[in-house]
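So the chains spell out like this:
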Amino acid sequence: MELKDIRIGELDQYLFGQGTHYDIYQKLGAHPVTDGEKKGVYFAVWAPHAAKVNLVGDFSDWDEEAYEMTRLEPLGIYEIFVEGLGVGEKYKYLLTTGDGRTLYKADPFGNHAELRPGTASRVTDISKLKWGDSKWMKRREKMDLDKTPMSIYEVHPGSWKKHPASEQNPDGFYNYREFAHEIADYVKRMGYTHVELMGIAEHPFDGSWGYQVTGYYAPTARYGTPQDFQYMVDYLHKNDIGVILDWVPAHFPKDACGLANFDGQPLYEYADPRKGEHPDWGTKVFDYAKNEVKNFLIANALFWIEKFHIDGLRVDAVASMLYLDYGRSGGQWVPNIYGENKNLEAIEFFRHLNSVATGRNKGTMIIAEESTAWPQVTGDPKDGGLGFTMKWNMGWMHDFLEYMKLDPYFRSYNHNKMTFSMTYAFAENFVLVLSHDEVVHLKCSMINKMPGLYDDKFANLKAGYSYMFGHPGKKLLFMGQEFAQFQEWSEARELDWYLLGEEKHRQMQDYVSALLHLYKEDPAMYSLDRSWEGFEWINADDYSRSIFSFIRHSDDGKSNLVFVINFTPVAREGYEIGVPQSGSYKLVLNSDDEQYGGSGAPKAASYRAKKGETDGKPYHLTYDLPPYGAAVFRYEKKAPAAKKKTAGTAKKKASGTGRKRTAAKSE
């Protein structure tokens, strides 16, 4: 790349000042370039309040005066070209503040960082990444996300699997390339469609899980280089696996090397601490009123999507951005111009972000982790919505877990916890989530939330997962939940893979895989996921027996699935399930099957519907429903029956004068 093509110009400053320089990351930061015969690195940083900025690094023995940068007006961007530098050099910016203080800062737009506990940035070159995922990218452009199955495996790469600790690798981390092969094999076998990766942007503290970011434009060095990260995404795409990243535009930490008080004054954060700090988290809040800050964040979203082919971003802590009083008591927050608690600047930011990100990149998604009843999170900005592609369904998650934790005796009194979500299931584009947040901080692992003794816990969890997969909405499970890990998750250790040496855990994993494959392969599970046309209650009111039954319909009517799930340890022999038509109903999934840890009691391959009204349906199936049993049946809709022709009608049609003759005869 030529220096003249990358150097900051007047147009760059104008667009950045307007908040619309969506490729600003190709200008700010550190970029290897040529200038005629000279080779070196061009550096540029935004620091308007600084009196002076120097570039320091190993190449100058960290001499504070060696490389003074040139200030560009009117925005206060500093630049320098240093001949002879190349990839791998460590560097920081040394900012001298107006009152004479000196601050060592990592590059906000740096693409690579020193491995923690080091905090320097590293020069790298991501201008020539080689991709082999063109088939995936072309398919993504044409993807109708409303009618596409999406089952997400949420993963923390540093603790999914680990190598034994060694001198060369004391943390035992798999690098991006190793991880790519291991996770692709596992995800394909299990039947997930996407992985969602936690903690990819550079962060100093492992215990933050990546939610306190210092390097927004740098894949963490814990697992390798940006080129290694690109290899991982490319490999997953070649294996038909989508990649979603956690993204954190809500807040950032106060680490001295990071964005906080970057040039000696609040720059990236609100200046007023009542808006600029999260009291609960001890972090800073981005200033969404400032064009350059909005540009920093929007360009960052585009950086991951366009530069690294990421398929979606899951936006963390959206509610904390929307509400000015989030986590704050009276007197600790500033109302908006209307005296309300809505952050109007964050609302505008989201509409801008979502319109640009998905508008420029068809088939990509921006997913909101939004925990309140804020309206139209996934609504069109033109109609007052925020424009997100999807929203985590936190209400469903809360009610579902509250129900599942109950002793079965009390479930009949809480039946509505499982049915209430259907009253709003199509108000937003929802993802049903059982995320990492539900298996940490003494909340218990998923299997340990279940009531009962050892066998009961597994049976309960199978029933719960069956209900989740039958319910409308995309799906997300956190790693370890699929094989019923007993310990809570910790970022410091790998999952308890040894549990798969025990039969019950293998059987749970097999059952979740069966659900995943059924979900991915049967259009009834997803093709009408956003409409009542795709879901039909059979019996939502069998509270006394804690049984739920419903139908999922495909858009073409060729596949329809009947779900019936028993949430008590009581067998229901001869249980009648209302069905809409006569004919055969094939049993396609039975949680009581021996291969899934059930009793293995014999079941027919298919069941004939009997005439006789049940649950308001004209026909019914009779099925021996086991304790905590879940069963799924498939049938194809019959075409409406043609009206039978009587002999008289046939004669009349044949003669063409049937009416007249009948009338004459009656006279």
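Owing to the predicted nature of the structure, the values given are computational and were not obtained by experimental measurement. Throughout this document, residue positions are counted from 1 along each chain, in the order its sequence is written. Since the coordinates come from a predicted model, pLDDT governs what is reported: local features require at least 70, and pairs of side-chain atoms require 80 or more to be given and counted, while whole-chain, interface and lining totals use all residues. Values shown for side chains rest on all heavy atoms present in the structure; no hydrogens or waters enter the calculation.

Enquirer: It is not clear to me how the overall build of the protein should be interpreted in this structure. Could you clarify?
Expert: When helices and strands are counted, the protein shows 18 helices and 30 strands. The principal-axis extent of the C-alpha atoms belonging to the protein is close to 110 × 70 × 55 Å. All accessibility values rest on the Shrake-Rupley procedure with a 1.4 Å probe; residue burial counts only the protein chains present in the view. Of the accessible surface of the protein, which amounts to about 27,400 Å², a share of 50% is contributed by carbon and sulfur atoms. Two residue types count as positive, namely Lys and Arg, and two as negative, namely Asp and Glu; His and chain ends fall outside the count. By convention, the point assigned to a charge is CZ for Arg, NZ for Lys, CD for Glu and CG for Asp. Taking the average place of the 80 positive charges on the side chains of the protein and the average place of its 92 negative ones, the gap between the two points comes to 11 Å. Helix and strand definitions follow DSSP, with helices as H or I runs of at least four residues and strands as E runs of at least two, each counted in order from the N terminus.

Enquirer: Looking at this structure, I do not really get the environment of V439. What am I missing?
Expert: Here V439 is to be found in the loop between β20 (430-434) and α14 (446-449). Residue V439 is classed as buried on the basis of its relative accessible area, which comes to 5%. Working rule for contacts: check all heavy atoms of both residues, and any pair within 4.5 Å makes them a contact. Leave out the neighbours within four places in its chain, and V439 touches C444, S445, M446, F478, Q481, E488 and W489. Each residue is placed in one exposure class: buried if its accessible area under a 1.4 Å probe, protein chains only, is under 20% of its type's maximum, exposed if it is over 50%, and partly exposed if it falls in between.

Enquirer: Got a minute to help me understand the packing of aromatic side chains in this structure?
Expert: Pairs of aromatic rings are described using the distance from one ring centre to the other and the angle between the two planes. Only rings of Phe, Tyr and Trp enter the pairing, Trp through its six-membered ring, and a pair is recorded when the two centres are within 6.5 Å. The plane angle decides the type: under 30 degrees is stacked, over 60 is edge-to-face, the rest tilted. For the structure shown, the criterion picks out 68 aromatic pairs. Between the aromatic rings of W304 and F308, the centroid separation amounts to 5.7 Å while the plane-to-plane angle is 35°, which identifies the pairing as tilted. By relative accessible area, W304 is classed as buried at 2%. According to the relative accessible area criterion, F308 is buried, its value standing at 0%.

Enquirer: Hey, could you run me through the pairing of strand β23 (residues 547-553) in this one?
Expert: When a strand is regular, its side chains alternate between the sheet's two faces. Burial analysis of β23 places seven of its seven residues in the buried class, the great majority of the element. Note: two strands are recorded as paired if DSSP finds a minimum of 2 bridges between them. Looking at chain direction, strand β22 (residues 535-542) and β23 are connected through five bridges and run antiparallel. Among the inter-strand pairings, E536 is bridged to a residue of β23, identified as I551. Hairpin connection between β22 and β23: a loop of four residues separates the two successive antiparallel strands, and S546 in this loop has a positive phi of roughly 55°. Pairing of β23 with strand β24 (residues 560-566), which is carried by seven bridges, proceeds in the antiparallel orientation. When the bridges of β24 are listed, I551 appears paired with V562. Between β23 and β24, which pair antiparallel and follow one another directly, the connecting turn spans six residues, one of which, G557, has a positive phi of 75°.

Enquirer: I'm lost on a nonpolar patch on the surface in this one. Help?
Expert: The grouping of I337, Y338 and L344 at the surface amounts to a nonpolar patch, some 370 Å² of accessible area in total. By secondary structure assignment, the location of I337 is in the loop between α9 (318-322) and α10 (344-360). Like-charged residues within 9 Å of one another, or nonpolar side chains (Val, Leu, Ile, Met, Phe, Trp, Tyr) within 5 Å, are grouped into patches, provided each residue has over 30% relative accessible area and no salt bridge. Definition used for salt bridges: Asp or Glu carboxyl oxygen within 4 Å of a side-chain nitrogen of Lys or Arg.

Enquirer: Explain the nonpolar core to me, please; I cannot follow it from the model alone.
Expert: Most often, soluble globular proteins keep nonpolar side chains buried together rather than apart. For this analysis, a nonpolar core means a set of buried residues of the types Ala, Val, Leu, Ile, Met, Phe, Trp, Tyr and Cys, connected via side-chain atoms within 4.5 Å. By size, the foremost hydrophobic cluster in this structure holds 184 residues, and its most contacted members are F43, Y153, Y268 and W304. If you tally residues by element for this core, the top one is helix α8 (residues 291-307), at ten residues. Formed by 19 residues, the second largest nonpolar core is a distinct cluster that contains I577, V579, L587 and Y619.

Enquirer: What's the story with the environment of Y623 in this structure? I'm lost.
Expert: Position of Y623 relative to the elements: it lies in strand β29 (residues 617-625). Each C-alpha atom of the pair Y623 and G574 lies 5.1 Å from the other, and the pair is 49 residues apart in sequence. Excluding residues within four positions of it along the chain, Y623 makes contact with R572, E573, G574, Y575, I577, L587, N590, K603, Y607, A631 and F633.

Enquirer: So what exactly am I meant to see when it comes to the pairing of strand β21 (residues 474-478) here?
Expert: When you tally the buried positions in β21, you get five out of five residues, the bulk of the element. Residues of β21 alternate between two faces, with K474, L476 and F478 on one and K475 and L477 on the opposite face, all of them buried. Note: strand β10 (residues 151-155) against β21, four bridges, orientation parallel. Across the sheet, S151 pairs through a bridge with K475, a residue of β21. One ladder, built from four bridges, connects β20 with β21; its direction is parallel. Bridging across to β21, L434 finds its partner in L477.

Enquirer: Would you take a moment to explain unusual backbone geometry for this structure?
Expert: For residues besides glycine, phi is generally negative; the peptide bonds are generally trans as well. In the segment running from E73 into P74, the intervening peptide bond is cis, with an omega of 15°. In this fold, P74 is placed in the loop between β5 (70-72) and β6 (77-83). Cis geometry marks the peptide bond from R116 to P117; its omega dihedral reads 15°. Note that P117 resides in the loop between β8 (102-105) and β9 (121-122). Phi at W209 is positive, roughly 60°, even though this residue is not glycine. Along the chain, W209 turns up in the loop between β12 (201-202) and β13 (215-219).

Enquirer: For this particular structure, what's the right way to read the sheet that holds β23?
Expert: Strand pairing in a sheet relies on backbone hydrogen bonds. The paired strands run either parallel or antiparallel. With respect to topology, six strands assemble into an open sheet ordered β22-β23-β24-β30-β26-β27, the strand pairing being antiparallel. The two strands at the open ends of the sheet, each matched to only one other strand, are β22 and β27 (606-608). Averaged over neighbouring strand pairs, the angle between their axes works out to 20° when direction is ignored. Inspection of the sheet shows strand β26 (residues 584-590) paired to β27 by three bridges, in the antiparallel sense. What sits directly across from K586, in β27, is S606. Only the contacting stretch of a helix is used when fitting its axis, a line to C-alpha atoms as for every element, and angles between N-to-C directions run 0 to 180 degrees.

Enquirer: What exactly am I supposed to notice about the sheet that holds strand β2 (residues 38-46) here?
Expert: Taken in spatial order, the four strands make up an open sheet running β1-β2-β6-β5, and their pairing is antiparallel. In this open sheet, the two edge strands, each paired with only one partner strand, are β1 (29-35) and β5. When strand polarity is set aside, the average angle formed by the axes of neighbouring strands in this sheet is 30°. Sheet analysis places β5 next to β6, joined by three bridges and oriented antiparallel. When the bridges of β6 are listed, R71 appears paired with Y78.

Enquirer: Teacher, can you tell me more about the environment of N175 here?
Expert: As for its position among the elements, N175 is in the loop between α4 (157-160) and α5 (176-190). You can call N175 partly exposed: its relative accessible area is 29%. On a C-alpha basis, the gap between N175 and P157 in space is 8.9 Å, while along the polypeptide they are 18 residues apart. There is a polar contact of 3.0 Å between the side chain of N175 and the backbone nitrogen of R177. Side-chain atoms alone can form a polar contact between residues adjacent in sequence; in general such a contact is a pair of N or O atoms within 3.5 Å, and within protein one must be able to donate a hydrogen while the other accepts it.

Enquirer: Help me out: how do you make sense of the packing of α5 against helix α6 (residues 226-238) in this one?
Expert: Axis angle and axis distance: for two packed helices, these are the angle between their axes and the distance between the axes, and together they describe the pair. Following both chains from N to C, one finds α5 and α6 inclined at 15°, their axes separated by 8 Å at the closest point. Looking at the two axes, α5 sits roughly parallel to α6. Crossing of α5 over α6 shows right-handed handedness. Contact residues: Y176, R177, F179, A180, H181, I183 and A184 in α5; Q227, D228, F229, Y231, M232, Y235 and L236 in α6. The classification used treats Ala, Val, Leu, Ile, Met, Phe, Trp, Tyr, Cys and Pro as nonpolar, Asp, Glu, Lys and Arg as charged, and all other residues, Gly among them, as polar. A class-by-class count of the residues in the contact of α5 with α6 yields ten nonpolar, two polar and two charged. Geometric relationships in this document are graded by angle, where less than 35 degrees denotes roughly parallel, more than 145 denotes roughly antiparallel, 65 to 115 denotes roughly perpendicular, and other angles denote oblique. Here is the rule for handedness: rotate from the far helix to the near one, and if that takes an anticlockwise turn smaller than a right angle the crossing is left-handed, while a clockwise turn gives right-handed.

Enquirer: How should the side chain of S559 be read in this particular structure?
Expert: Tracing the sequence through the fold places S559 in the loop between β23 and β24. Setting aside anything within four residues of it in sequence, one finds S559 in contact with D522, A524, R552, H553, S554, R634 and Y635.

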